[in-house]
Amino acid sequence: MPTVPKGSSPTEPKIAPGGPRHVAIIMDGNGRWATQRGRPRLFGHHAGAKRVREIVEACPDFGVEYLTVFAFSTENWKRTQVEVAGLMSLFRRYISKETRSLSEFGVRVRFIGDRVRLDDKLIRLMNELEEATAHNTRVHLTIALNYGGRDEVARATQRLALDVAEGKLDPGAVDEETLPRYLDTYVLPDPDLVIRTSGEARISNFLLWQSAYAEYEFIDTLWPDFTKAEFGDLCAAYGGRDRRFGAVKT
Ligand code: IPE
Ligand code: IPE
Ligand code: MG
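What you see is a predicted model; the values in this text were computed from it and never measured. (Residues numbered from 1 in each chain as written. Chains lettered and ligands numbered in written order. Predicted model: local features only at pLDDT ≥ 70, side-chain atom pairs only at ≥ 80, totals over all residues. Heavy atoms only, no water.)

Caption draft 1: Quick look at the packing of helix α2 (residues 41–58) against helix α3 (residues 81–105). The interhelical angle for the contact between α2 and α3, taken along N-to-C directions, is 20°, at an axis separation of 10 Å. Taken together, α2 and α3 sit at an angle that is classed as roughly parallel. Regarding α2 and α3, the two cross each other, and that crossing is right-handed. Of the residues in α3, those in contact with R41, L42, H45, H46, A49, V52, R53, V56 and E57 of α2 are V82, E83, G86, L87, L90, R93, Y94, E98, S101, L102 and F105. Across the contact of α2 with α3, the residue classes break down as ten nonpolar, four polar and six charged. (Axes fitted to C-alpha atoms, helices over the stretch in contact; angles between N-to-C directions. Helix = DSSP H or I, 4+ residues; strand = E, 2+ residues; numbered from the N terminus. Parallel < 35°, antiparallel > 145°, perpendicular 65-115°, else oblique. Left-handed = near helix turned anticlockwise from the far one by under 90°. Contact = heavy atoms within 4.5 Å. Nonpolar A, V, L, I, M, F, W, Y, C, P; charged D, E, K, R; others polar.)

Caption draft 2: Geometry of the pattern of salt bridges. Under the defined criterion, the tally for this structure stands at 23 salt bridges. The partner of R79 in a salt bridge is E83, and the shortest N-O contact between them spans 2.8 Å. Between R155 and D184 there is a salt bridge, with the nearest N and O atoms lying 2.7 Å from each other. Placement of R155 in helix α5 (residues 149–165) and of D184 in the loop between α5 and β5 (193–196) is noted, with a sequence separation of 29 residues between them. Comparing R155 with D184, the two get one shared label, buried. Among the charged side chains, a network of salt bridges with common partners joins D28, R32, R196, E200 and R202. (Salt bridge = Lys/Arg side-chain N within 4 Å of Asp/Glu carboxyl O. Buried < 20%, exposed > 50% of the residue type's maximum accessible area, 1.4 Å probe, protein only.)

Caption draft 3: Quick look at the nonpolar core. With 45 residues, the main nonpolar core has V23, I25, L67, L141, I195, F226 and F231 as its most contacted residues. Excluding anything up to four places from it in sequence, L141 contacts V56, L67, V69, L102, V107, R108, V109 and R110. (Core = buried A, V, L, I, M, F, W, Y, C linked by side-chain atoms within 4.5 Å.)

Caption draft 4: View of the site of ligand 1. Residues in contact with ligand 1 amount to 13 residues; listed here are only the nearest, D28, G31, R32, R41 and R79. Here D28 contributes a side-chain N or O atom positioned 2.8 Å from an oxygen atom of ligand 1. A distance of 2.7 Å separates an oxygen atom of ligand 1 from a polar atom in the side chain of R79. Those elements giving two or more residues to the shell around ligand 1 turn out to be α1 (30–36), α2 and α3. Looking at the shell around ligand 1, the element that brings in the most residues is α1, giving three residues. (Near = heavy atom within 4 Å. Polar contact = N/O pair within 3.5 Å; in protein donor to acceptor, adjacent residues only side chain to side chain.)

Caption draft 5: Representation of the pairing of strand β1 (residues 22–26) within the structure. With five of its five residues buried, β1 lies for the most part within the structure. Side-chain alternation along β1 places H22, A24 and I26 on one buried face and V23 and I25 on a second face that is also buried. In this structure, β1 lies alongside strand β2 (residues 66–73), joined through five bridges in parallel fashion. Residue pairing in the sheet places H22 in a bridge with Y66 of β2. Two strands pair when backbone bridges link them, and β1 and β5 are joined in this way by four bridges, in the parallel orientation. Bridge pairing links I26 to R196 in β5. (Pairing = 2+ DSSP bridges.)

Caption draft 6: Spatial organisation of α3. Compared with an ideal rise of 1.5 Å per residue, which puts 25 residues at 36 Å, α3 spans 35 Å between its outermost C-alpha atoms and is within 8% of the ideal. At E98, α3 shows its largest bend, some 50°. Looking at the residues trailing α3, positive phi occurs at G106, about 90°. (Expected span 1.5 Å × (residues − 1). Bend = angle between axes of the 7 residues up to and from the residue.)

Structure, rendered in structure tokens:
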């Protein structure tokens, strides 16, 4: 598979010579980690949030340009009011606390997901963090918050249908290049590697369209125990994978 040179469009498929260019992580297992310690689930969420910085800052060491993390799904509203409120307060606190260090490290932060159901203060903090880091290019961190792959495709389809109704888009011209332009991830390349911690081998509605050809790693480590070393091992293991994209190597 030829290597596409750096600086090309982020939506073009590009195979990093060694490690993955875009890693997406389903950060799972916070609740079990806390329960194992006899503590409330929110204790695990706080420990989990603290792990994010080390992994973000490890990205340049492993050639990872894009890191996308699943923080809250469209299904997570089904949890108790105490847990949901605690998570929302954690997100607000995390953004306020981490803005400076993310910025100084050269991280550009983006959020994906539907903001409509989030509270005004959180939305404002998210917008401010995106604006404050918009000039950074060292690591592209995307935080999926109130994100669901099906919800994203449904919202994209609504916008696409509106463009058709307004005569801006010819329905006969809609192909698999068209829909991704309406997804929340439209500026991001597809993930090369999707990691899920905590031993569950499912994707729970994460990046459904974008991960069609991603490599997957399901590991037993609970998210609050995930380290840079393990991240590095998974990136290295990715380098040994044979990605054929349906073709046969000649
Ligand atoms: C992942 O950890 C964080 C969120 C879904 C918000 P969990 O809270 O799902 O932890 P487990 O799976 O119950 O251990
Ligand atoms: C997926 O984990 C969502 C996040 C990590 C934010 P869940 O714990 O919500 O997924 P299920 O319920 O095990 O499928
Ligand atoms: Mg879970």
